[in-house]
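A structural walkthrough
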Amino acid sequence: MSTVAQVFKETARRMTHDLRHRSWIQNALGKYYVGRDEKKARFQNWQEARQAAAEIKWDAVNHLDKYLEQFVSKIEARGTKVFWASTGQQACDYIVGVAKKHRVRSIVKSKAMTGEEIHLAQALEKSGVEVVETDLGEYIVQLREEAPYHIVFPAMHLTRHEISDLFNKKLGSAPTDSPEELTMIARRTLRKKYCAADMGISGANFAIAETGMISLTTNEGNGRLSTSLPRIHVALIGIEKVLPTLDDLALFLPMLATAGAAQAVSCYNTFIAGPRQEREPDGPDEFHVVLLDNGRTRLLADAEQRDTLHCIRCGGCLNVCPIYKNIGGHSYATTYMGPIGSVLTPHMRGLTEWKHLSFASSLCGACTEACPVKIDLHHHLLQNRRNAIRCKSPWWEKLIFQGFVTLMNHPLLYRLGVKLGWFGQKFHGLVKGTKLDPVYAWTQSRELPPLARNSFKDYWRRKQS
Amino acid sequence: MSEREQILGRIREALRVAAPKPGLLSGPGQRVPPHEKRPTDFRPWLPVVGDSFEERAALFAKNSAELKTDFQLVANRDELQTKLLALAHAEGWKKIATHAGELTNYAFAALGLPVVQTGGRYKLDELESSDAGITECDALVAQTGSVVVTTRSAGGRALSVLPPHHVVLARRDQLLRDLPAAFTALKQRYGSSYPSMMCLITGPSRTGDIERILVLGAHGPKKLTIFCM
Amino acid sequence: MKISLFIPCFIDACYPQVGISMVKVLERLGHQVEYPEDFTCCGQPAFNSGYWDEARAVAEKVLAMYRSAEIIVGVSGSCGAMMMTFYKELFHGTPLEAEAKAHAAKVWEFSDFLVTKLGVTDVGAKFPAKVTFHDGCHGLREVGLKKQPRALLAKVQGLELIEMDAAESCCGFGGTFSVKFPMISTAMGEVKCDSALKTKADYIVSCDSSCLMHIQGLADRQKKPLRTMHLAEVLAKQ
């Protein structure tokens, strides 16, 4: 087993025993379910909308070259500088270079999972620039020096008291148990940062090919401030983010908000078509778009799982995942956690080392059902498992399944096995629940059902005779 | 070969194998017959909106209440003036920020307060210390309770998001039915020369990042008031 | 109508009464049933664990065994889903793909068969008890079982159905997942047990004995007063 897999198991064990965490997350998501269902019900047909969204994403991803070129030529025509990055390193180097060239001292960053993916903030900080996360949740986890707990709700795991203590320690604010006051402390602190920043960094939720725009969704307004006040704006965008037309947003914006945050639409959906244009009073003088591959073309080449590039990062699959809810976002130790992370990470970081995430699922399919763009998530988990076993399977497990085939394909042998099992189970009590127990993995926490004296096959034979 | 060519090359190579169409593996409760061509009209699936102005206004008001937007229909300029003055008084505005426009010119004249104009270059701290940002807009969207602003219609990028109170002045013919109509309107109005920023604002700034409890005014305006004339 | 049964391996060995109950109900409704005795397992354990070659070796036998069957009715949503949905993926791109599809079209889960195919909801059962229903994931999401079992339960004399919170969330079994990640599986099971306990029902009923095996195993270990029963057993009660 790989080291990351061992760490995963240990963290998962700790988290599943943490009953406070369990009820905290169940409660936090309880409100989300109610709101999401209510917003879904407003759609005249949610299932049709999903199918349409999936088809549009399919079109975009399966003609990615055409739409990317269209997006780039349109957005360049408005004075935007576009940089193509094959790797995270190239993207970091470029953005650090832009910061150096313009003598940037401080940066405000709007939430961008691509930034997390390539460790952009760390790269910039290493070059001596201050980077401040402006999304409240991201800001909180940045102050705590930890990774986001969730794609959309980064600080969902923390209580107001923990946040109050954190602000007290890091910002010197007076302790309070009011979420409102805590938010205002962050607001005041970050206001100064916006006004002083030389550069704003954002991601993008969509890149519109037809009109050459990025679409950026936030609720707090941090996305707008980060892209309005500083003199340079850099948007770091995965190449799969393109949508063919501006009109498509009429479908995608409400679906993103419904699935992601139980809202009809998010508060600020901002479409940026370039740097400040002539006769415009404000906005950045320079706008850079960094198009990031970083393994996405590898995923694209896997036709079976190409639809994972449809993902709009709404976090809907995390919210319904019973695994996520029990082990929490940090156990995954990945940029993208939950079902989508368990599908993606083996592709991005290596199947051998990260396959455990694809096995750590009961395949319940709640994720697939929740996905607004119909990614066949649990089917992909199965495919990852198959691929992992094809690549390398533990000899003992291979042996077990070869034995399984022999047993199941020889009915007489199978019946004999059941009879032997029935006889043998009388002695199971001697080792049950100990490390000598061959089924310890089950019996450590559960009782095993006894094999019946007479099987169904026995019943059937008697019935026939 | 440039990085651009390399990435596009990898994409073209990858796309030589066709991917299965979406929805083929969907379970029974989620299965929908696939469309022959990718859909372009989403109205049959999006939330319902009535056709008449009254229905749209009622829906906009309902959405506003939910979003904690203050939405007021006003009959004429006199009523607008009365309500604006009352608001300025109630909130104790000392300085406002706005941009040149037919409705905004009228409003700031009526208020008689010191004003920061964002038509040309302005000082950031002047705008930041204003009590309210008063803007016009491109459209209101009944379906979602949204306001559409652009750098051209609303005095740049920051005016509608930096001051703690955003006041929108709209005309009743700007109240559109739904999101598809809003995007059609933007296309018709700006065509090939879009403003560098357009935004769909839906309610005052908000966050739920602390214990999933709703707090207004996370970074943007704590209040959003819309007068529709 | 010639009905061929499939009885999953663990039902054959551990829960024969579930299979027997299904036979009783079908016969009570006047149907003749046959059972290919050589049927053992659908191959799902290997499939879910990534051993698709091994799963195919078992599944090929299953396809052959039921080649001449008209209607195949089984007493598990999960094994049913394996045949209805996952065989198509398992055999995708192989010479048996067409046969896997034809096979899938013949397979029915028991409650779906009664309600959708036969149009029967009242099977003449009587069971005075309070029950709550657990939607097994495979039955729910791959087979589309939601209304069917409830329609059947509604017609059982004396029975009161009390829905639990999150009836649709997974019990944590997940086949080999339950032994590869026992801590996560157990935690999920605890959540399930808690919501079932809150209803104060006498029994948790489901279309899948595998879920019930997990729930019962956990409840017994933790000394929780929970009893489980397969839907077929409820329907056989008179």
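Below or above, wherever it landed, is the structure these notes cover.

About the cut-offs
Residues numbered from 1 in each chain as written. Chains lettered and ligands numbered in written order. Predicted model: local features only at pLDDT ≥ 70, side-chain atom pairs only at ≥ 80, totals over all residues. Heavy atoms only, no water. Contact = heavy atoms within 4.5 Å. Buried area = accessible area lost by both parts, 1.4 Å probe. Salt bridge = Lys/Arg side-chain N within 4 Å of Asp/Glu carboxyl O. Polar contact = N/O pair within 3.5 Å; in protein donor to acceptor, adjacent residues only side chain to side chain. Helix = DSSP H or I, 4+ residues; strand = E, 2+ residues; numbered from the N terminus. Nonpolar A, V, L, I, M, F, W, Y, C, P; charged D, E, K, R; others polar. Buried < 20%, exposed > 50% of the residue type's maximum accessible area, 1.4 Å probe, protein only. Pairing = 2+ DSSP bridges. Axes fitted to C-alpha atoms, helices over the stretch in contact; angles between N-to-C directions. 1 Å grid on protein atoms, 1.4 Å probe; cavity = no way out; pocket = protein on both sides within 12 Å on 5 of 7 lines; lining within 4 Å. Points joined across faces, edges and corners; volume = space filled by probe spheres on them. Phe/Tyr/Trp six-rings, centres within 6.5 Å; stacked < 30°, edge-to-face > 60°.

1. Notes on the interface of chain C and chain A
Buried accessible area, meaning the area lost when the parts come together, often serves as the stated size of an interface. Listed by partner, the interface residues are 64 residues for chain C and 62 residues for chain A. A per-residue breakdown of the area chain C buries against chain A is headed by C:Y51, C:M183 and C:R221, which together make up 13% of the total. Linking chain C to chain A there are eight salt bridges. With a shortest N-O distance of 2.8 Å, A:R461 and C:E37 are connected by a salt bridge. Taken together, chain C and chain A are joined by 31 residue pairs in polar contact (both at pLDDT 80 or more). Top contributing element to the side of chain C that touches chain A by residue count: helix α11 (residues 182-198) of chain C, with nine residues. Looking at the side of chain C that touches chain A, its residues break down into 35 nonpolar, 15 polar and 14 charged.

2. Let's talk about the side chain of A:D458
Residue and element names in this part refer to chain A. Positionally, D458 belongs in helix α24 (residues 456-464). Assessed through its relative accessible area of 11%, D458 is described here as buried. Leaving out residues up to four positions away in the same chain, D458 has contacts with R415, K419 and R453.

3. What about the pairing of strand β7 (residues 165-170) of chain B?
Residues and elements named next belong to chain B. Counting buried residues along β7, six of its six residues qualify, which places the element largely inside the surrounding structure. Alternating residues of β7 divide into H165, V167 and L169 and H166, V168 and A170, and every residue in both groups is buried. When strand β4 (residues 132-135) meets β7, the two strands line up parallel, connected through three bridges. Bridging across to β7, I134 finds its partner in V167.

4. What about the sheet that holds strand β3 (residues 71-74) of chain C?
All names here are of chain C. Across the sheet, four strands lie side by side as β2-β1-β3-β4; this open sheet has parallel pairing. The open sheet has two edge strands with one neighbour each: β2 (32-34) and β4 (107-109). Shown here is a sheet whose adjacent strand axes are inclined to one another by a mean of 40 degrees, direction ignored. Of the pairings in the sheet, the one linking strand β1 (residues 2-6) to β2 comprises three bridges and is parallel in character. Each bridged residue has a counterpart across the sheet, and for K2 the counterpart in β2 is Q32.

5. Focus: empty space enclosed by the protein
Residues and elements named next belong to chain A. Under the counting rule described, the total for this entry stands at seven cavities of 30 Å³ or more. Space inside the largest cavity adds up to approximately 140 Å³. Along the walls of the largest cavity sit 18 residues, with C321, I323, P339, S361 and L381 positioned nearest its centre. Elements with a contribution of two residues or more to the lining of the largest cavity: α15 (322-327), α16 (338-349) and α19 (366-370). No other element matches the three residues that α16 contributes to the lining of the largest cavity. Roughly 90 Å³ of internal volume is contained in the second largest cavity. Contributing to the lining of the second largest cavity are C311, I312, R313, C314, G315, C317, I340, C371, P372, V373, I375 and L377. Along the lines of polarity and charge, the residues of the lining of the second largest cavity split into 10 nonpolar, one polar and one charged.

6. Remarks on the interface of chain A and chain B
Across the contact, 110 residues belong to chain A and 87 residues belong to chain B. For the pairing of chain A and chain B, the buried interface totals around 8700 Å² over both sides, and the portion due to carbon and sulfur atoms is 58%. For the chain A face of the interface with chain B, the top three residues by lost area are A:W84, A:R224 and A:P281, together amounting to 8%. Inspection of the region where chain A meets chain B yields 12 salt bridges. Among the ionic pairs, A:D247 bridges to B:K187, the shortest N-O distance being 2.9 Å. The interface formed by chain A and chain B includes 54 residue pairs in polar contact (both at pLDDT 80 or more). A per-element tally of the side of chain A that touches chain B places helix α3 (residues 46-62) of chain A first, with 13 residues. Tallied by class, the residues present in the side of chain A that touches chain B amount to 52 nonpolar, 29 polar and 29 charged. Taken together, the five bridges between strand β9 (residues 268-272) of chain A and strand β9 (residues 197-201) of chain B define a ladder with antiparallel strand orientation. Bridge assignment links A:T270 to a residue of β9(B), and that residue is B:C199.

7. A closer look at the sheet that holds strand β7 (residues 232-238) of chain A
The strands making up a sheet are joined through hydrogen bonds of the backbone, oriented either antiparallel or parallel. Residue and element names in this part refer to chain A. Taken in spatial order, the six strands line up as β1-β10-β7-β4-β2-β3 in an open sheet, and their pairing is parallel. Two strands close off the open sheet at either side, each with one partner strand: β1 (81-85) and β3 (130-133). Averaged over all neighbouring strand pairs, the angle between strand axes comes to 20 degrees, with direction disregarded. Note: strand β2 (residues 106-109) against β3, four bridges, orientation parallel. Within the sheet, the bridge partner assigned to K109 lies in β3 and is E133. Where helix α4 (residues 64-77) meets the sheet, it contacts β1 and β10 (286-292), and its direction lies at approximately 170 degrees from that of β10. On the sheet, helix α10 (residues 179-196) packs against β2 and β3 and is oriented at approximately 130 degrees with respect to β3.

8. As for the packing of aromatic side chains
Under the defined criterion, the tally for this structure stands at 27 aromatic pairs over all chains. Ring geometry for A:F456 against C:Y35: centres 5.1 Å apart, planes inclined by 90 degrees, an arrangement best described as edge-to-face. In this pair, A:F456 is assigned in helix α24 and C:Y35 in the loop between β2 and α3 (44-48), connecting two distinct chains. Each member of the pair, A:F456 as well as C:Y35, carries the same accessibility label: buried.

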